[in-house]
Amino acid sequence: MNSSPLSRATVARLFPPNRRALSLALMNAITAAGLATFGAPGAALADGCQLYSVNGHISCYLNTYGSAGSPAGSSGSDPIFDDKNGYTGGPGGPAADINLLVAGSPTLYDYSQYDSKGNLLVASSPVNAVSVGGAGAQGSDATAGGFDKVGGNGGLGNSGGDLTVTVGPQVTNQSQDTVNGISGITLISLGGEGGAAGKGNMSGEDGTSGVGGVGGTINATLDGFTHSNFRSVLVSSQGGAGGRGRDYGTGLNSQGADATDGIGGNGGTVTTTFANASNNANNGFVGTTGVLVQSVGGAGGNGGSAEDVDGSQGGSGGLGGNGGNVGVTVGSNVIMVETGNNDSALHLLSQGGAGGQGNSSGGSGGNAGAGGNGGNVSLTIDGTAGAGGAIAANGTYAPAVLVQSLGGNGGDGGVPSQYVIGPNGGSGSNGGTAGTVSVTGSGLVARTGIYVDPTDFEGSPGVLAQSIGGGGGSGGVSKGVFAVGGEGANGVNGNTATVAVQSQTETFGFGSDGLAVQSIGGGGGKGGDASGDSVGLQYVVGGSAGGGGDGFTASLTSQKGSTVLTHGVHSPGLLAQSIGGGGGQGGSAYSKSKSAGFGASMAVGGSGGAGGNACGTNCTGTTAENDGRIGTDGSDSYGILAQSIGGGGGARGASTAKSQVYAAEDVSISLSASLGGSGGQAGSGGLLSATNTGLITTGGEGAVGMLAQSIGGGGGAGGDSSSASSAAGRG
């Protein structure tokens, strides 16, 4: 493999800016095809692009928006003569579908438009197709001061439209923007946000919050040359956020409105092909940040805040929406280059939406919503007509290829008021499940970094595929008399992760694996801390933590004909790992009382969560196989490293109790007790295998050819526990 990868100068030579203007004949041809009408700049078109033209630079802008929901009617303000239920907010309108073909040989540019005060009005990529569903309107509150009237329901968010987009092989896209973050190609379908739930009045129930709209299906075939000073290509389907619960207000019931019906919308299925149909050496996708193709669930709605009185509770959060399936094919002789840090040249992602947060105030914090599920993600490298794509990343923490399915994190529980008796922290909620991930095919050329350096290009694997379960939310912190911390929630299991490719892969940075695959369980949520300072008797309990999710099957094969080279320290050629999530830490407890005559203080720390196993139920183990050639130069850079690692148990919460008593009489009594929770049980390692039928060479100190490890996690540490009592009377 060539160890002198593409420099910026080489990229500039391979991809010279094509500044050809659209010919009159091409304009007429596109117009006749119904793609666009070349009228006044910015003129709205029934079919095709809205064309902006500045100094001969033309952009293709096609955005559609669903109408916002109609506002809910007012329930009036007089509790005697009105006293009405709240009204339902109107649903958002649907966004139109987009069917766009950009053909011929135009050169298209980005476009920005500002108002007279310098505020950005329009930011268009050279090719810009966006469909956004209308947001639901919030429900109105019942008449304040009245009785037994319910709040109005929030309107439903509507769906983003479906996108079908083709960019032809002779099209050139140049985003010259350096301010507004404009991509070379932008394709987005976004669901509308659900409306907020209205509040009921005294003794009346709250309304329900609206569900977020779903993101539409996207089918795209992208060719030609695209360059941007920011992201080269963005393809995204995302669900709208669920509606929130409204906050307490004067004359309404004391509870925070729940957002349990405010479920985030699901992301749509995204299918994208990157092609070089004409086998043109000048075609490719180049940006400071790379290509991102994703489907993301909308976040669950957050609960509303409650009145600071005993018996009230903050609103509970809604479920996150699910990410859709993502499938990408990289065709023969496609080139992708990114030059920035903390990104990747090609990033595929399906992610569940985050669970809604339980809200604060009241006697109890609201409970959180669970995270949404990640979808399945697949990358196919199609090298049937030549090389299957050359993908290069020149930054730090910048993989050439990153493929991920991530479960959404569970929301955190709400924090109660400290001015009530017996405040309880809200419970966190579980994370979402992850989908499967796979990278398959032949002809891939992947490279990260340019030269060996101790800091440059660090953490930049050639290919990294990950399936990671969502982390559990933390329990709410509680403070006050007889305070109880909220329970942490469980992390969720990882799913199957597979890499089986024939590739030429090379990395230069520290900690930059050649090919890597990981299945990882989500971490458990922390238990909520509890603390209180009172007169006489005080008792507080820290919340217990959630357990970590299990890892699952992780399979890696470097096929015959492959060459995988790494030059940095701690950079194995092949890395396969299944890892259990760590257990959460138990909530700490801090209790203190001061009194005259008699006083008692007690604190109980929460227990730590159990670590997840490396290989959960029905898991077939961790496997790494080399059928090609592997070469590593750096120290501790193994040819093959296969690991099955159990998650560590969470530490128990610390506890401290203090009691101070002074009596005017001769007798005074002071008692204190402190009990720490138990540490979490460790997760176990799992099955694994490492196989070599090819050639492995290592040149660095401590770099063995193959290392396979099954490692159990460490048990959770016991938390510190202390108590102190003092009593004084007249002597």
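This text follows the structure it describes.
Residues numbered from 1 in each chain as written. Predicted model: local features only at pLDDT ≥ 70, side-chain atom pairs only at ≥ 80, totals over all residues. Heavy atoms only, no water.

### Side note on the nonpolar core
Here comes step 1: Ranked by internal contacts, the top residues of the largest apolar core, which has 65 residues, are Leu-100, Leu-187, Leu-222, Phe-274, Met-336 and Leu-379.
Here comes step 2: Of all the elements, strand β21 (residues 437-448) adds the most residues to this core, at four residues. (Core = buried A, V, L, I, M, F, W, Y, C linked by side-chain atoms within 4.5 Å. Buried < 20%, exposed > 50% of the residue type's maximum accessible area, 1.4 Å probe, protein only. Helix = DSSP H or I, 4+ residues; strand = E, 2+ residues; numbered from the N terminus.)

### Details of the pairing of strand β5 (residues 111-114)
Here comes step 1: Where β5 meets strand β6 (residues 120-124), four bridges bridge the pair, whose relative direction is antiparallel. Each residue of the ladder has a partner; that of Ser-112, found in β6, is Ala-123.
Here comes step 2: Connecting the antiparallel pair β5 and β6 is a turn made up of five residues, with Gly-118 showing a positive phi of about 85°. (Pairing = 2+ DSSP bridges.)

### Details of the pattern of salt bridges
Here comes step 1: Across all of its chains, the model carries five salt bridges by this definition.
Here comes step 2: A salt bridge links Asp-206 to Lys-199, with the nearest nitrogen and oxygen atoms 3.2 Å apart.
Here comes step 3: Using a relative accessible area of 0% as the deciding quantity, one classes Lys-199 as buried.
Here comes step 4: In this structure, Arg-231 and Asp-343 form a salt bridge, with 3.0 Å as the shortest nitrogen-oxygen distance. Within this pair, whereas Arg-231 is found in strand β12 (residues 225-238), its partner Asp-343 is found in the loop between β16 (335-338) and β17 (346-351), the two being separated by 112 residues in sequence.
Here comes step 5: Judged by its relative accessible area of 16%, Arg-231 falls in the buried class.
Here comes step 6: The exposure class of Asp-343 is buried, given its relative accessible area of 14%. (Salt bridge = Lys/Arg side-chain N within 4 Å of Asp/Glu carboxyl O.)

### Considering a nonpolar patch on the surface
Here comes step 1: Nonpolar side chains collect at one region of the surface, where Ile-421, Phe-482, Leu-537, Tyr-539 and Met-602 lie side by side and expose about 450 Å² of accessible area between them.
Here comes step 2: Within the secondary structure layout, Ile-421 lies in the loop between β20 (401-406) and β21. (Patch = residues over 30% accessible without salt bridge, like charges linked within 9 Å, V, L, I, M, F, W, Y side chains within 5 Å. Areas by Shrake-Rupley, 256 points an atom, 1.4 Å probe, with all protein chains shown as cover.)

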